[in-house]
Structure formats: C-alpha cells, structure tokens
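# Chains, contacts and geometry: an overview
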Amino acid sequence: MASVRSIFFGLLLLLVTCPALSASLANSSSFHPKEEARKYRRIRAQLRRLNKPSVKTIQSPDGDVIDCVPSHLQPAFDHPNLKGDKPQLPPKRPIGHNPTAGTVNHGFQIWTFSNDSCPEETIPIRRTTEEDILRASSVKRFGRKPFARVRRDSSTGSHEHAVGYVVGDEYYGAKASLNVWAPKVSSSSEFSLSQIWIIAGSFGNDLNTIEAGWQVSPQLYGDNSPRFFTYWTTDAYQSTGCYNLLCSGFVQTNNRIAIGAAISPTSTYNGGQFDINLLIWKDPKHGNWWLEFGSGILVGYWPSFLFSHLAKQASMVQFGGEIVNTQPYGFHTSTQMGSGHFAREGFGKASYFRNLEVVDWDNNLIPLTDLQVMADQPSCYDIQGGINRVWGNYFYFGGPGKNTRCH
C-alpha cells in the first residue's frame, strides 16, 4: 500500500510541475501511473541531454528560446568518437566557388531581429521543450523523420516528392539556391519541405543521406513557420540520424545561425521572392561533409565516421520538395508543396530551385549534366526543368495537393 501511495503522490507532483504532461494525460483514454512516470523520466533525461549549459539566452520574438552553448559542449561531442574534441578548422572550398560576404543577413532568421547574438566560441541552439517531445510519435522517435525512403522513381506511399536528380557518377557535393515559402500543412503529423539530398548506398536498409533545406513541420516545431534544417541517416531513417542538433552527429561551427529556427522573410505569390543558397561538399583532406549557407558562411559539418557509403562519396544527388500525405478522411491531403502552386505558373507563383551544381572528384564545382525530373503524384505536385544563362540548371515545382485531379 505504501508503494502505491508513493507512486500516486509522485504522479501528482509530476503533473503539477509538468503542465505539458498533464495536458497529455487529460487527452489520454487510459491512465497508467507507472507507465506515465517512466515516460516523464525519459522526457526529462532527453531534455537534460539536449539542453546544454549556456552562457547566454536569447528570447526570440516568435517564442523560441535560443541558448548560446559553448561549442565544445554541443550535442555532437557526446558521441564516443568526438568526446574531448573541438570543431575542426574550415576546409578548402570547392574550386570555382567564390564566396563573397562574410556575415549573415540579419533578416534570415527571426531570433536575430533584436540584433542580439551569441558570443564567439558558442553556438546558438533552439531550446527543446517538453511540449516538443510530447508531440512526437514517441520519446524514442523524437527528432527523427517518419520512416521514409528517398525515391528515384514514382511510387505510392505516405511520402511524396517532386525532385530533380543526377545519378550514375561519383559526387562530392552539391549547391543550389532554394526559393523559400510558407506552405500550408494540413495536419500536425504532416510536413512540407524543400531540400538538397546527398545520397549513397542502395535504396534498402543501408541508405545514407545528408540533407539540408527548409521545412514546415508542426509536429517537430509546434508551428507553421518555415525553418532552416539539416538531417542525416546511415540506415534509411531507421535508428540513426536526426534533425538539426537533436542527436550526436552534425558539428556546428557558426555562432550566427540557429539550425531549426524560423526563416524570415518568405516569398509571396505575385510578390517578392526570397531564396537561400546552400552548398554541401566533402572536405578533400579530412573527409567530413561541410555545409555552407549564403555567401561563405560555414554552418558546420557531418563527420565522415557517421556514414558507411558516404564515408567515400555520393552516388546520387536530389533537389526538390517532399510532403507527408496521411490521407485524412480517406482523401489526399491538401498540404501544399513549395508555394502551393503548380510548376507551370512560373516565376513569382511557383517555387523554384536555381543554379544547380555538383562537386566532382577533384573538388571542382561544376554545372549539372543530364538533370532528370520526377514527380511521384504529378496531379498533386509537379515539376518542370530548364536551363538558361542566368539561372543555369533550374526547375519549378510544387502544387496544392488535393484538387479535382488529385483526390
């Protein structure tokens, strides 16, 4: 009886000190004190692991809390292969890449609107909350993509794509300008994103990917804002990898960009257009995969030891959009991809990728050859490619999801 009483009063204390858990239980059809107590302990342990000691905290106008964490304390250095290390020095840029500016545009992310910033030798990390973890399908799956495979051909399934891709060579990086929008996402368990994929391995359980771009994901972030993100996996999204800094993987080196923070401004239909430049490439000396934003701003790197196939090179590069379709009420979702408009509408209306390039075996940044385009469900989301002197290789893509031809 005493042990039952202690569990009961312990749960009462947890509910008082954890409003998010209390709300979760209120919505639950059944209440199991021991199970919920274990879940709460797992959540608290996860929060302790992710929210590192900070030297400064910045309150973002959109509600995010940004912690300025010493670089050597970031989650990446919890990895056994990195314990005691510090971030590596910047690598040699690809030949043919000419970065210009050395500062980040303050209009890029909302948290910088106050003109506050993190000190040198720290990195800005978006603080993870109890609510963030409770929105995930499970504590264990928090920070990971819903299970999905990258596709090279049309397929059915909950994940749908409209992408341009190159395959059949050895690739050591990719570069593009990504048009940024704020597409409508119909349910909290769906997302819409625009990104670059660096891919190696088969399309089975050994799939390796490195990913970066922007996404709208209510489940992950709790709102409908487009956010700058990264991702990686070495086993087809099963048990390795994560978004942003939500596991030991990506090593951030920049104190002005918060991965996972909201992007501003965004493009408007028939109005101003905004895009971001991203470059991912493999350091010829150390083999790590680096991420650059804008004109010369190094965000950080994925250590090569994280991967099997990508420890050497990529065999495929994809650019484009992805959504999750949960088929609410038995019909196709109305979650938008890109701007929510089809490719044929063109500039100012459809979303685009431009200046598509890849990095070759000798660290040269070169234009694509033989770009192929593919849409899983062209009645819902489509893609049209092209090439010209100003934009190089480019394409328009996207769509509204559910419509008279997509149902």
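Note that the structure is a prediction, hence the values are computed from the model and not measured. (Residues numbered from 1 in each chain as written. Predicted model: local features only at pLDDT ≥ 70, side-chain atom pairs only at ≥ 80, totals over all residues. Heavy atoms only, no water.)

### Observations concerning the state of the cysteines
A complete count under the given rule lists three disulfides for this structure. The residue that forms a disulfide with Cys68 is Cys118, at a sulfur-sulfur distance of 2.1 Å. Residues Cys68 and Cys118 share a disulfide whose torsion about the S-S bond is about -80°; that sign makes it left-handed. Taken together, the positions of Cys68 in strand β2 (residues 65-70) and Cys118 in the loop between β2 and β3 (122-126) put the pair 50 residues apart, joining distant regions of the chain. Relative accessible area serves as the criterion here: at 0%, Cys68 is assigned to the buried category. Each bonded cysteine of the protein gets a number by its place in the sequence, and the pairs then read 1-2, 3-4, 5-6. (Disulfide = S-S within 2.5 Å. Helix = DSSP H or I, 4+ residues; strand = E, 2+ residues; numbered from the N terminus. Buried < 20%, exposed > 50% of the residue type's maximum accessible area, 1.4 Å probe, protein only.)

### Notes on the confidence of the model for the protein
Mean pLDDT over the protein stands at 89; residues scoring 70 or higher make up 88%. In the predicted structure, residues 152-156 sits below a pLDDT of 50 and forms 13 contacts with residues beyond four places in sequence or in another chain. (pLDDT = per-residue confidence, 0-100. Contact = heavy atoms within 4.5 Å.)

### A look at the packing of aromatic side chains
Going through the model one piece at a time under the given rule, you end up with 20 aromatic pairs. Look at Tyr352 and Trp391: their rings are 4.6 Å apart centre to centre, the planes differ by 40°, and that puts the pair in the tilted class. With a gap of 39 residues between them, Tyr352 in strand β15 (residues 351-359) and Trp391 in the loop between β18 (382-388) and β19 (392-398) connect regions that are remote in the sequence. The pair formed by Tyr352 and Trp391 is uniform in burial state, with each residue classed as buried. Taken together, the aromatic side chains of Phe347, Tyr352, Trp391, Tyr394 and Tyr396 make up a single cluster linked through ring pairs. The ring of Phe331 is capped by Lys402, whose NZ or CZ atom sits 4.8 Å from the centre of that ring. The ring of Phe342 carries Arg405 above its face, with NZ or CZ at 5.9 Å from the centroid. (Phe/Tyr/Trp six-rings, centres within 6.5 Å; stacked < 30°, edge-to-face > 60°. Lys NZ or Arg CZ within 6 Å of the ring centre and 35° of its normal.)

### Concerning the side chain of His332
Take His332: it is sitting in the loop between β14 (314-324) and β15. Judged by its relative accessible area of 6%, His332 is buried. Only 2.9 Å separates the side chain of His332 from the side chain of Glu160, close enough to count as a polar contact. In contact with His332, other than residues within four places in its own chain, are Glu160, Asn325, Cys380, Tyr381, Gly401, Lys402, Cys406 and His407. (Polar contact = N/O pair within 3.5 Å; in protein donor to acceptor, adjacent residues only side chain to side chain.)

### Regarding the pairing of strand β11 (residues 275-282)
The side chains of a regular strand alternate, residue by residue, between the two faces of the sheet. Burial runs high along β11: seven of the eight residues are buried. Two strands pair when backbone bridges link them, and strand β5 (residues 173-179) and β11 are joined in this way by seven bridges, in the antiparallel orientation. Opposite Lys175, over in β11, you have Leu279 as the bridge partner. Where β11 and strand β12 (residues 289-293) come together, five bridges link them in antiparallel fashion. Each bridged residue has a counterpart across the sheet, and for Leu279 the counterpart in β12 is Glu292. In this structure, the hairpin formed by β11 and β12 is closed by a connection of six residues, where Gly287 is found at a positive phi of approximately 85°. (Pairing = 2+ DSSP bridges.)

### Section: the sheet that holds β2
Spatial strand order, β1-β2-β3: three strands in an open sheet with antiparallel pairing. The outermost strands of the open sheet, each flanked by one partner alone, are β1 (56-59) and β3. Across the sheet, the mean angle separating the axes of adjacent strands is 25° when strand polarity is ignored. Bridge analysis of β2 against β3 gives five bridges, and the strand direction is antiparallel. Following the sheet pairing, Val69 is matched in β3 by Ile123. (Axes fitted to C-alpha atoms, helices over the stretch in contact; angles between N-to-C directions.)

### Regarding the sheet that holds strand β7 (residues 208-216)
With respect to topology, seven strands assemble into an open sheet ordered β9-β8-β7-β6-β14-β4-β17, the strand pairing being antiparallel. Strands with a single pairing partner mark the edges of an open sheet, and in this sheet they are β9 (242-243) and β17 (372-375). Looking at chain direction, strand β6 (residues 192-200) and β7 are connected through nine bridges and run antiparallel. Counterpart to Leu193 in the pairing with β7 is Gln215.

### As for the environment of His79
Note that His79 resides in the loop between β2 and β3. Between the C-alpha atom of His79 and that of Cys247, which follows or precedes it by 168 residues, the distance is 8.8 Å. With residues up to four places along the chain from it excluded, the contact list for His79 reads Ser248, Phe305 and Leu306.

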